[in-house]
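# Structural features, examined
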Amino acid sequence: MSKRTNNQIQDWREVIERASDEREKTNQLLTPSRDQTKYIVEFTRSLYYYAQRMSMAHDLARDKVVDVEVGQKIINAQLEMLNKTKRNLDAILEEDTHERD
């Protein structure tokens, strides 16, 4: 490669590194962190899905599509998963609170 091409490549590397460093500094200033935010989004999405499944099981049992016992088993299983996910979400939020203190 020519010297000019090498210089251009080096210039672009420096620009990319500076931009990356600036993003990292910003990420460190923000709480919750970007990674924690991803977990919060996933956990809250899961909570919504578990609640939706509980609602659907309730409707199915009410409309006699499934037996009440089956509907209750589905609801119990979803409630168990919902509570487990809630504990995980609480842990992430508590971790964030401690980081801000």
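Residues numbered from 1 in each chain as written. Predicted model: local features only at pLDDT ≥ 70, side-chain atom pairs only at ≥ 80, totals over all residues. Heavy atoms only, no water.

This part covers the nonpolar core. Judged by nonpolar contacts, Ile-40, Phe-43, Leu-47, Tyr-50, Leu-82, Leu-89 and Ile-92 together constitute the single largest core of 7 residues. Of all the elements in the fold, those that place two or more residues in this core are α2 (34-62) and α3 (68-100). Setting aside chain neighbours within four positions, we find Leu-82 in contact with Leu-47, Tyr-50, Ala-51 and Met-54. (Core = buried A, V, L, I, M, F, W, Y, C linked by side-chain atoms within 4.5 Å. Buried < 20%, exposed > 50% of the residue type's maximum accessible area, 1.4 Å probe, protein only. Helix = DSSP H or I, 4+ residues; strand = E, 2+ residues; numbered from the N terminus. Contact = heavy atoms within 4.5 Å.)

This brings us to a nonpolar patch on the surface. Side chains of Trp-12, Val-15 and Ile-16 sit close together on the surface and give an oily, nonpolar patch of about 330 Å² of accessible area. Relative to the helices and strands, Trp-12 is located in helix α1 (residues 3-29). (Patch = residues over 30% accessible without salt bridge, like charges linked within 9 Å, V, L, I, M, F, W, Y side chains within 5 Å. Areas by Shrake-Rupley, 256 points an atom, 1.4 Å probe, with all protein chains shown as cover. Salt bridge = Lys/Arg side-chain N within 4 Å of Asp/Glu carboxyl O.)

What follows is about the packing of aromatic side chains. Throughout the structure, instances matching the rule amount to 2 aromatic pairs. Measuring from ring centre to ring centre gives 6.2 Å for Tyr-39 and Phe-43, while their planes differ by 25 degrees; the resulting arrangement is stacked. A residue pair is termed a helical-turn pair when its members lie 3 or 4 positions apart in one helix, as Tyr-39 and Phe-43 do in helix α2 at 4 residues. (Phe/Tyr/Trp six-rings, centres within 6.5 Å; stacked < 30°, edge-to-face > 60°.)

As a further point, take the confidence of the model for the chain. On average, the chain scores 91 in pLDDT, and the residues at 70 or more come to 93%. Confidence, expressed as mean pLDDT per element, reaches its minimum in the chain at α1 with 89 and its maximum at α2 with 95. (pLDDT = per-residue confidence, 0-100.)

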